[in-house]
Amino acid sequence: MDFFAPVLDGFGTVMDPTNLLYCLVGVVIGMLVGVLPGLGPAATIAILLPLTYGIEPVTAIIMLAGIFYGAQYGGTITSVLLRLPGEASSVVTVFDGYVMAKQGRAGTALGIAAIGSFAGATVSIIGLTFLAPLVASFALDFGPPEYAALALLGILLVATISGASKIKAIIAAAVGLLLATVGRDIFTGAERFTFGNLSMADGIDFAPLAMGLFGIGEILYNLEDRHRAVSAPIKVKRVWPSGKDIKQAAPAMGRGSLLGFFLGILPGGGATISSLVSYAVEKKVAKDPSRFGKGAIEGVAGPETANNAAATSSFIPLLTLGIPANGTMAIIFGALLIQGITPGPQLIGNDPELFWGVVNSMYIGNILLLLMAIPLVGVFIRILRIRAAILAPITVLITMLGAYTIRNSIFDVFLVVVFGALGYVMKKFGFEPGPLVLAFVLGSLLESNLRRSLLVLEGDLGGFFTRPISASLLIVFVIVALWPMLKSFIDKRKTNTLAVQVETEKEKV
Amino acid sequence: MQKHKDKQDTPETDEIIATEALTPEELAEIWESDAPAKAGPVAHLASSLVLVAFSLAGVIMSVNLDLGTPQTPKAGMWPFIVSIIIGVMAVVQLIVGRGGGRDGERFTKYSWFALIGFATLILLVILMPVIGFEVPSLLLCFVWMRWLGAETWRSATLYSTLVVVIFYLIFIVGLGTSIPHVI
Amino acid sequence: MSIIVGYVPTPVGKAALDAAIAESKLRNEELLIVNSSREGALVDKNTASSDDWKEVEAVVSAAGIDSQIIESTYRDDLTEEFLRIATERKVSLIVIGLRQRTQVGKFIMGSHAQRILLQADRPVLAVKANAH
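Positions within a chain are numbered from 1, following the residues in the order the chain's sequence is written. Chains and ligands are labelled sequentially in the order written, the chains with letters from A and the ligands with numbers from 1. Owing to the predicted nature of the model, reporting of local features is limited to residues with pLDDT of at least 70; listing and counting of side-chain atom pairs is limited to 80 or more, with chain, interface and lining totals taken over all residues. The side-chain values count all of the structure's non-hydrogen atoms but skip hydrogen atoms and water molecules.

An unreviewed UniProt entry lists chain C under the name Universal stress protein UspA, with Glutamicibacter ardleyensis as the source organism. Looking at the Sequence similarities (unreviewed entry) heading of the UniProt record, one finds this comment for chain C: "Belongs to the universal stress protein A family." UniProt positions are given in the numbering used here, feature names are shortened, and annotations may be inferred rather than shown by experiment.

You'll find chain A entered in an unreviewed UniProt entry as DUF112 domain-containing protein, with Glutamicibacter ardleyensis given as the organism.

Take a look at the structure:
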């Protein structure tokens, strides 16, 4: 029972009426903003970051978890109703979800997505409850070299797995690392890249960076992209899925949860990959695969369960190792740092109330999501009718004024605008902001651990390879780094030999 | 009856295709064809060169910060390493992606909108501490709605006023934040 | 020559369509059915859904006339977009639906129908919802 005592205490924390209220507010606001065109979960959390200032840490995190789930579900809503995936992880939901909506079963699709999300999160949270302390205790022995290696690996994995161009992602990550060095050096006290600006002496704050890159950058980008197809009003009957629907979808949910849980622990795009894999698995397992794409309920249930399970299990590396697995987790990491909480192996031991509060708030967040999803569909449809021309200045003002309220600093607002421009330009030139933000968050951790290790190892880089954990992490790093080159080399040889074969065949004839 | 679909190129008259339930493959095709034009080799070259310059600047400033030695790294060491990585990757990018422009997007005439939007944001930052947030916000809303969003004069005036009033009520009256305001 | 009708999935729009079909039969001319949606919002109540189009097709084919459906989007001005199509297709008659509105309502909301009536350079037939 010793093990479960803190878990139950955590539930006590979450069940506190204040926390419950904030969680509810978070879910609803998250859904509302998540439904807005062009604003995915990362942008939503970034824009709403100022909301969590000035609240108690536990409450703030609970609210963030609510926003996170709400924003994720917002993407599902537009996928089902308008065939517009709010983010990569709900793309596959479009295939069957939209068809179901066309058949007048939008309520069923949305309901099953909410139930699936809940199921997926439940499995992941149970897994997290058992796995997290284990990982954390394992990581307690980590020294500076291990942390440096782990941070390097995390950045590299996110850079290589997500996005189109790996080289560009690595460049973006490196720029993020450089931005993290701005300010006073913690070892020598030297001022770096501040250009004599007093506001820069303490370094660049995370909130303006994230709000600018994800929030304003996205809004500026959307300004020139208004030519979306317009849909006729959607009639949604507020029906919950029937018992038969749930029975039909249950096996898909089961598979989706397990799949999502394991894929989610791996760094880099866990939710997206797991939804894709789940769709493929469901299609393969189904007795009649031709139903898919024509409104098969499993095609909604599986991927939606999987992406939420993955989103939840990606909290494991964040909370136990302090390594965010993707861009969205990087924002949550940043938000935790703002609250004075450093996620890492010590968190679970030093602050069990907080740790389990966070874990359980995910659970409550999902229950609230389940309760709010169907009744609020009418509100969402009404929001979709508001023209972007009206919405854009509203979201911009929320971001700008919100940024000001954080520290009452106009310089922060200025930074938001500058990073907004950077985000826009990056998007135009094919660079993703995700790796940059992630690297920025891990930057100081990486640098200080690297320098500490160099001090400990007396400048001998070979020392990294004499310690088993750091050595294996670095070997994985090298493999991941070299894999794309290796693969293209193999591909080339394959096509070469193929070409040669074709040539010889021709000669024979 | 013959159902006819017009396709015209001017953006104002971009006539849309009646959308029916489609297979995932068809859907992917539609998304592909809807996607904006790729950035192309010039943008590719330009972005790589800017990054190289950025990296050189980083290297020079890091050296000025004092690198130290591997045994006792000083303030400049880490930024130096990272700057080098940026430079090397930019050069790799320049070479590997020569044919280039598989990602990114071309600037269109609507890209001016983003620039105008950026200008109004800068204006808000400059004016807010001087004359409070109300007037600059009203201006921003109006510009975004009337010119960037093609609302009518009437609705732009109405909605921008409404938005500023509501923001005033929320941020100043309701939350009591210290955002500079005149009233 | 052809006839153009502005179609919206409302009683007024259906009245306009009916009148346009009658006129098209009478003159033995092709009917252009235009539904234009405003850009910016993801959902617009004036946009015809696929069900609406099915209904339109049924009505039109029952009447046995030639027709074309034109779906378009406009950025800021429906009147301009509508008249542009009318001019481009060199139509002989424009059919629009009129809502009954007070002068005050028209002042605040504006009226596309009124502007089409005033700005069109060809005959316009304006139809009210309760005409039949």
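Right, picking up where we left off after that structure.
> Go over the interface of chain B and chain A, please, and point to the residues and values.
Contact definition: two residues touch when any of their heavy atoms are within 4.5 Å. The partner chain A presents 71 residues to the 70 residues of chain B that form the contact. Using a 1.4 Å probe, buried area is obtained as the accessible area two parts lose upon being combined, added over both of them. Carbon and sulfur atoms make up 77% of the surface buried where chain B meets chain A, a total of about 6200 Å² over both sides. The largest share of the area that chain B buries against chain A comes from Trp31(B), Trp78(B) and Trp144(B), three residues that together contribute 11% of it. By definition here, a salt bridge exists when the distance from a side-chain nitrogen of Lys or Arg to a carboxyl oxygen of Asp or Glu is within 4 Å. Where chain B meets chain A, there are two salt bridges. One salt bridge connects Arg387(A) with Glu151(B), and the closest N-O pair in it is separated by 2.5 Å. Looking at the side of chain B that touches chain A, the elements that each hand over two or more residues are α1 (24–34), α2 (40–64), α3 (77–96), α4 (111–131), α5 (134–148) and α6 (153–174) of chain B. Considering only residue class, the side of chain B that touches chain A consists of 49 nonpolar, 15 polar and six charged. Working definition: helices are DSSP H or I runs of at least four residues, strands are E runs of at least two. Numbering for both runs from the N terminus. Each residue is assigned to one of three groups, with Ala, Val, Leu, Ile, Met, Phe, Trp, Tyr, Cys and Pro labelled nonpolar, Asp, Glu, Lys and Arg labelled charged, and all others, Gly among them, labelled polar.

> If you had to explain the interface of chain A and chain C to someone new, which residues and values would you point to?
Contacts between the two partners involve 18 residues from chain A, matched on the other side by 15 residues from chain C. For the pair chain A and chain C, the summed buried area comes to about 1500 Å², and 62% of that belongs to carbon and sulfur atoms. Inspection of the chain A/chain C interface yields zero salt bridges. Side-chain atoms alone can form a polar contact between residues adjacent in sequence; in general such a contact is a pair of N or O atoms within 3.5 Å, and within protein one must be able to donate a hydrogen while the other accepts it. Across the contact surface, chain A and chain C share two residue pairs in polar contact (both at pLDDT 80 or more). Partitioning the side of chain A that touches chain C into residue classes produces eleven nonpolar, two polar and five charged.

> Tell me about the pairing of strand β2 (residues 30–38) of chain C, and please be specific about residues and values.
Residue and element names in this part refer to chain C. For β2, the tally of buried residues reaches eight of nine residues, placing the bulk of the element in the interior. Strand pairing is assigned whenever DSSP identifies at least 2 bridges connecting the two strands. Where strand β1 (residues 2–6) and β2 come together, five bridges link them in parallel fashion. In the strand pairing of β2, Val 5 is matched with Ile 33. A crossover links β1 with its parallel partner β2, the connecting element being helix α1 (residues 11–27), and its sense is right-handed. Between buried and exposed lies partly exposed: a residue is buried under 20% and exposed over 50% of the maximum accessible area for its type, with that area taken using a 1.4 Å probe on protein chains only. A right-handed crossover is one whose linking path, passing over the helix from the first strand to the second, runs clockwise when the strands point away from the viewer.

> Talk me through a negative patch on the surface; I want residue IDs and the actual numbers.
Residues with no salt bridge and a relative accessible area higher than 30% make up the patches, which join like charges within 9 Å and nonpolar side chains (Val, Leu, Ile, Met, Phe, Trp, Tyr) within 5 Å. Per-residue and other accessible areas follow the Shrake-Rupley method at a 1.4 Å probe size, with only the shown protein chains counted as cover for residues. In summary, the charge assignment counts Lys and Arg as positive and Asp and Glu as negative, without counting His or the chain termini. Charged side chains are reduced to one point each, which is NZ for Lys, CZ for Arg, CG for Asp and CD for Glu. Side chains of Glu25(B), Glu26(B), Glu29(B) and Glu32(B) sit close together on the surface and give a patch of like negative charge. Take Glu26(B): it is sitting in helix α1.

> Go over a positive patch on the surface, please, and point to the residues and values.
Residues Arg382(A), Arg385(A), Lys45(C) and Arg99(C) make up a contiguous surface patch of positive charge. Within the fold, Arg385(A) resides in the loop between α17 (377–384) and α18 (388–407). On the accessibility criterion, Arg385(A) (40% relative accessible area) is partly exposed.

> Just give me the short version of the packing of aromatic side chains, but keep the residues and values in it.
Geometry of aromatic contacts follows a simple scheme: Phe, Tyr and Trp rings, the Trp one being its six-membered ring, pair when their centres are within 6.5 Å, and the pair is stacked under 30 degrees between planes, edge-to-face over 60, tilted otherwise. Under the criterion given, the structure shown has 18 aromatic pairs over all chains. Measuring from centroid to centroid gives 5.5 Å for Phe95(A) and Tyr279(A), while their planes differ by 65°, and the two rings are edge-to-face. You can see Phe95(A) sitting in helix α5 (residues 91–102) and its partner Tyr279(A) sitting in helix α11 (residues 270–285), a full 184 residues away along the chain. Residue class for Tyr279(A) comes out buried when judged on its relative accessible area of 7%. Plain terms: the ring middles of Phe142(B) and Trp153(B) are 5.8 Å apart, the flat faces sit at 45° to each other, and that makes the pair tilted. Taken together, the residues span a long stretch of sequence, with Phe142(B) in helix α5 and Trp153(B) in helix α6 at a distance of eleven residues. Accessibility expressed as a relative area gives 19% for Phe142(B), which makes it buried. Within the aromatic cluster, the residues linked to one another by ring pairs are Phe68(A), Tyr69(A) and Phe315(A). One cation-aromatic arrangement involves Lys168(A) over Phe431(A); the distance from NZ or CZ to the ring centre is 5.2 Å. Sitting over a ring, as applied to charges here, requires NZ of Lys or CZ of Arg to be within 6 Å of the ring centre and within 35 degrees of the ring normal. The ring of Phe107(B) is capped by Lys428(A), whose NZ or CZ atom sits 5.4 Å from the centre of that ring.

> Quick rundown of the sheet that holds strand β4 (residues 93–98) of chain C? Include the residues and the values.
Residue and element names in this part refer to chain C. Pairing is parallel in the open sheet, where five strands are placed in the order β3-β2-β1-β4-β5. Sheet topology places β3 (67–74) and β5 (124–128) at the edges, where each strand pairs with a single neighbour. Strand-to-strand, the axes of this sheet are offset by a mean angle of 25°, without reference to chain direction. One ladder, built from eight bridges, connects β2 with β3; its direction is parallel. Paired with Arg 38 across the two strands is Tyr 74, which belongs to β3. A fitted line through C-alpha atoms represents every axis, and for helices the fit uses only the stretch in contact; the resulting angles, taken between N-to-C directions, go from 0 to 180 degrees. Those strands touched by helix α5 (residues 112–119) are β4 and β5, and its axis lies near 155° from that of β4.

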